[in-house]
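# Architecture at a glance
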Amino acid sequence: MFGLEKIVNKVEIPPSEVDADLAVPAFNLDKNKILEEIKALNNPLFKEIKIAGPYINIKFDIEILAPKIIGQINKEGEKFGFNEDGKDKKIMIEYSGPNIAKPMHMGHARNNALGHALVNIYKANGYEVITTNHLGDWGMSLAKIMLAYQKWGDEKKLDSEPIKHLLDLYIRITKEVEINKELENEARVLFKKFEDGDKELRSLWQKFRDISVTDVKRVYDMLGIDFDLWHGESFYEPMINEVIQEALDKKVATQETEGPVVINLDQFNIPSYLLRKSDGSSLYSARDLAVGKWRLQNYNPDKILYVVGHEQELYLKQIFKTLGLMGYPEEKFEHISYGMVTLDGKKIATRSGNIVFLEDGLKEAIKRAKDNKEVGIGAVIFNMLHQGREKDIAFSWDAVLNLQGNSAPYIQYGYVRAFSILEKANFKFQISNFKFTNLNSSESRLIKMFAYYPEIIRQAKKLNAPHIIATFLNNFVQEFNRFYTNNPVISAENKEIKNSRLLLTKSVAQVIKNGLWLLGIQVPEKM
């Protein structure tokens, strides 16, 4: 709509005290040159363009903007705000990645919410998106669960409450290992035997994996999530020896006789790490090298986003740097980190039992929302997205279901109110109703926020930051509530004003619905 993306990388919405509708940062740039380029767009929506300190400020012509933006919203509907910036570009997004034989907990809610929102945001920016769920179905943690099942497992419990039983076994063996260190060695021996192809262990592993995938798919259905690829660590197992040998051949890795395979990254001020132990068993670092290589070779995406908690930042730096040294494009790999979710001020931990299972949490949210699924689940998702992803979240039901602001129920209620007005008025969009004159300040502010929305989608993608959309929606609903309180809609003083306000209300409902969809949240018709 504005064409500014052709000239600059960033456009800001200035604070209310600034007499401008858009601000283009021009720090250390030729402001006069940028000013002339913006003027050369000949955009009739721009009433005034001028330099103001380090910015170029732009003011809208609201009389021209209003019919244009309202017409665009009603024409494009659910696609309003979308752009083609990512046309012919491919993004792969890895997120979720639960471990098999363990239920997802409320900490996974943030990963799932963030990953799903980024998928929708990239699609809205015109990218082809491939989603992948990297299941944790290999390694020592799983070996311990298999060992625990061999020692204390109950087949009847596995059949009746499979995930609960496997979790109980994991917690038990974790505590037992602290007392009896020999169990750790037993698990290592079992894992090596498993890696070497022991049929009994492979059969038990497959059973655990099948049980786990069935369990997580039920939760994903509640969240409205699916994946293009369901490759766990096991998928890459046949590639591990090859990628380790490649690292050795390319002198990226070293190995002394019958010793471990080591990646030395000291020259980059990154700690060294192992790909394979002295006993021949591989580590998950080798699998992650195979993962990166396979994704590049089979999909050749422009970017691969790893939605993983910030505690894995150093590890992913090691993996990405190693792939770069092996000759693969390091710049294509990006870590989208996020802070942890705490319960009662403590880190969620399966081992310690400080945990609320994600499925239980979603069901509790639905129950507290008076059995309204869209409201309950939407509340949990929004709570995981409404602040910057770098910050930790202290999970609280009071914050999740707050109706006073900064929550999904608050925003959803804005949609329900708008929908109710339209339903009561039996309003149908007609081109003859399409007239805006003498807009008051409240109406003008809504019109401007409609115009900001497409740029909000761009900024959310540029920064991989869904909270930008969440913040916009919260402010947008606040603005709509002020408009609704101060401006009669159905009982407006004349038909022309009534129709224009109904059009505004219809557009509000559409933008709220669109914005919540980007966050992975559905809208209810009633609350």
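Note that the structure is predicted; figures quoted are calculated from it, not measured. Here the residue index of a chain counts from 1 through its sequence in written order. Only residues with pLDDT of 70 or above have their local features reported here, since the model is predicted, and side-chain atom pairs are shown and tallied only from 80 upward, although totals for entire chains, interfaces and linings are computed over all residues. For the side-chain quantities, the full set of heavy atoms in the structure was used; hydrogens and water were omitted.

As a further point, take the overall build of the protein. From N to C terminus, the protein includes 18 helices and 13 strands. Taken along the three principal axes of its C-alpha coordinates, the protein extends 85 × 55 × 35 Å. Classification of residues uses two cut-offs on accessible area relative to the type maximum, computed with a 1.4 Å probe and protein chains only: under 20% is buried, over 50% is exposed, and between them is partly exposed. Burial statistics for the protein: of 527 residues in total, 55% are counted as buried. Across the protein, the fraction of contacts at a sequence separation of at least 24, relative to all contacts at a separation of at least 6, is 74%. Charged side chains in the protein number 71 positive and 70 negative. The centres of these two groups are separated by 4 Å. Numbering of helices and strands starts at the N terminus; helices are DSSP runs of H or I of at least 4 residues and strands are runs of E of at least 2. What makes two residues a contact is simply this: any of their non-hydrogen atoms within 4.5 Å. Positive residues here are Lys and Arg, negative ones are Asp and Glu, while His and the chain termini are left out of the count. Note on charges: their place is set at NZ of Lys, CZ of Arg, CG of Asp or CD of Glu.

Turning our eyes to something else, we now look at the sheet that holds strand β8 (residues 273-276). Here, any two strands with at least 2 DSSP bridges between them count as paired. One open sheet holds the three strands; their spatial order is β6-β7-β8, and the pairing between them is antiparallel. Edge positions in the sheet fall to β6 (253-255) and β8, since each of these pairs with one other strand and no more. Between one strand and the next, the sheet's axes are offset by a mean angle of 35°, whatever the strand orientation. Bridging between strand β7 (residues 261-263) and β8 involves three bridges; their strand directions are antiparallel. Bridge pairing links Val261 to Arg276 in β8. Geometry is summarised by axes, namely lines fitted to C-alpha atoms with helices restricted to the contacting stretch, and by angles between N-to-C directions that run from 0 to 180 degrees.

On to the packing of helix α2 (residues 62-76) against helix α16 (residues 441-462). The contact between α2 and α16 brings their axes to 9 Å, and the two run at 55°. Taken together, α2 and α16 sit at an angle that is classed as oblique. In the packing of α2 onto α16, the handedness of the crossing is left-handed. Note on element contacts: α16 touches α2 through Ser444, Ile447, Lys448, Phe450 and Ala451, opposite Ile62, Leu65, Ala66, Ile69, Ile70 and Ile73. Looking at the contact of α2 with α16 residue by residue, the class counts come to nine nonpolar, one polar and one charged. Working rule for angles: under 35 degrees goes down as roughly parallel, over 145 as roughly antiparallel, 65 to 115 as roughly perpendicular, anything else as oblique. Take the far helix as your reference; a near helix turned counterclockwise from it by less than a right angle gives a left-handed crossing, and one turned clockwise gives a right-handed crossing. Under the grouping applied here, Gly and all other residues not named as nonpolar or charged are polar, the nonpolar ones being Ala, Val, Leu, Ile, Met, Phe, Trp, Tyr, Cys and Pro and the charged ones Asp, Glu, Lys and Arg.

It is worth spelling out a nonpolar patch on the surface at this point. Distance thresholds for patches are 9 Å for like charges and 5 Å for nonpolar side chains (Val, Leu, Ile, Met, Phe, Trp, Tyr), applied to residues having over 30% relative accessible area and no salt bridge. Areas reported as accessible are Shrake-Rupley estimates using a 1.4 Å probe. Residue values count occlusion only from the protein chains shown. By convention in these notes, a salt bridge is any Lys or Arg side-chain nitrogen within 4 Å of a carboxyl oxygen on Asp or Glu. Together, Leu403, Tyr413 and Met527 give the surface a local cluster of nonpolar side chains, amounting to about 300 Å² of exposed area. In this fold, Met527 is placed in the segment after α18 (495-518).

Along the chain, Gly324 falls in helix α11 (residues 313-325). Distance in space between the C-alpha atoms of Gly324 and Val252 is 9.9 Å, their sequence separation being 72 residues.

On inspection of all chains with the given rule, the structure shows 30 salt bridges. Its salt-bridge partner being Glu78, residue Lys513 comes within 3.6 Å of it at the nearest N-O pair. Residue Lys513 is found in helix α18, and its partner Glu78 is found in the loop between α2 and β4 (90-94); the two are separated by 435 residues along the sequence. For Lys513, a relative accessible area of 31% corresponds to the partly exposed category.

The next thing to look at is the nonpolar core. Take the buried residues of types Ala, Val, Leu, Ile, Met, Phe, Trp, Tyr and Cys, join any two whose side-chain atoms come within 4.5 Å, and each joined set is a nonpolar core. Grouped together as the largest cluster of nonpolar side chains are 110 residues, with contacts concentrated most on Leu4, Phe46, Ile93, Ile447 and Phe450. Residues contacting Phe450, with those up to four places away along its chain left out, are Ile69, Ile70, Ile73, Phe80, Phe476, Leu504, Ser507, Val508 and Val511. Counting residues in hydrophobic clusters, the runner-up holds 34 residues, among them Ile130, Val252, Ala253 and Phe333.

Let us now look at the sheet that holds strand β9 (residues 303-307). Strand order in this open sheet of four strands is β5-β4-β9-β10, and the pairing throughout is parallel. Strands with a single pairing partner mark the edges of an open sheet, and in this sheet they are β5 (128-132) and β10 (333-336). Taken over all neighbouring pairs, the strand axes of this sheet differ in orientation by 20° on average, direction set aside. In the sheet, β9 pairs with β10 via four bridges, with the strands oriented parallel. From the neighbouring strand, Val307 faces β10, where its bridge partner is Ile336. Sitting on the sheet, helix α10 (residues 284-299) touches β4, β5, β9 and β10, and the angle it makes with β9 is about 140°.

Bridge analysis of strand β2 (residues 46-52) against strand β3 (residues 55-60) gives six bridges, and the strand direction is antiparallel. Opposite Lys50, over in β3, you have Asn57 as the bridge partner. Remark: two residues form the turn of the hairpin made by β2 and β3, two consecutive strands paired antiparallel; Gly53 in that turn has positive phi of roughly 65°.

Once that is clear, we can look at the packing of aromatic side chains. Note on aromatic pairs: each is described by the distance of the centres and the angle between the planes. A pair of Phe, Tyr and Trp rings is counted when the ring centres sit within 6.5 Å of each other, with Trp represented by its six-membered ring. The angle between the planes then sorts it: under 30 degrees is stacked, over 60 is edge-to-face, the rest tilted. All chains considered together, the criterion is met by 30 aromatic pairs. Considering the side-chain rings of Tyr149 and Phe208, the 5.6 Å spacing of their centres and the 90° angle between planes classify their relative orientation as edge-to-face. With a gap of 59 residues between them, Tyr149 in helix α4 (residues 140-152) and Phe208 in helix α8 (residues 199-223) connect regions that are remote in the sequence. Over the face of the ring belonging to Trp152 we find Arg172, whose NZ or CZ atom lies 4.1 Å from the ring centre. In this scheme, Lys NZ or Arg CZ marks a charge over a ring once it lies within 6 Å of the ring centre and within 35 degrees of the ring normal.

Turning to the environment of Asn383, a few remarks are in order. In this fold, Asn383 is placed in helix α13 (residues 373-385). Since its relative accessible area comes to 6%, Asn383 is described here as buried. A sequence separation of 285 residues divides Asn383 from Pro98, and the C-alpha atoms of the two residues are 20 Å apart.

Moving on, we get to the environment of Asp266. Within the secondary structure layout, Asp266 lies in the loop between β7 and β8. Separated by 203 residues in sequence, Asp266 and Ile469 have C-alpha atoms that sit 40 Å apart.

Turning our attention to helix α17 (residues 467-486). Helix span, expected: 1.5 Å multiplied by one less than the number of residues in the helix. Given a rise of 1.5 Å per residue, 20 residues ought to cover 28 Å, and the 29 Å separating the end C-alpha atoms of α17 matches this to within 8%. Within the span of α17, buried status applies to Ile468, Ile469, Ala470, Phe472, Leu473, Asn474, Phe476, Val477, Glu479, Phe480, Asn481 and Phe483.

Under the 1.5 Å per step criterion, the end-to-end length of α11 is 18 Å for 13 residues, consistent within 8% with the ideal 18 Å. Considered for burial, the residues of α11 that qualify are Tyr315, Leu316, Gln318, Ile319, Phe320, Lys321, Thr322 and Leu323. Once α11 finishes, Gly327 follows within two positions and takes phi at roughly 105°, a positive value.

Okay, unusual backbone geometry next. Despite not being glycine, Ser96 shows a phi value in the positive range, around 80°. By secondary structure assignment, the location of Ser96 is in the loop between β4 and α3 (106-124). Overall, Ser96 belongs to the buried group, its relative accessible area being 7%. If you check the backbone angles, Lys251 has positive phi at about 65° while not being a glycine. With respect to the secondary-structure elements, Lys251 resides in the loop between α9 (240-249) and β6.

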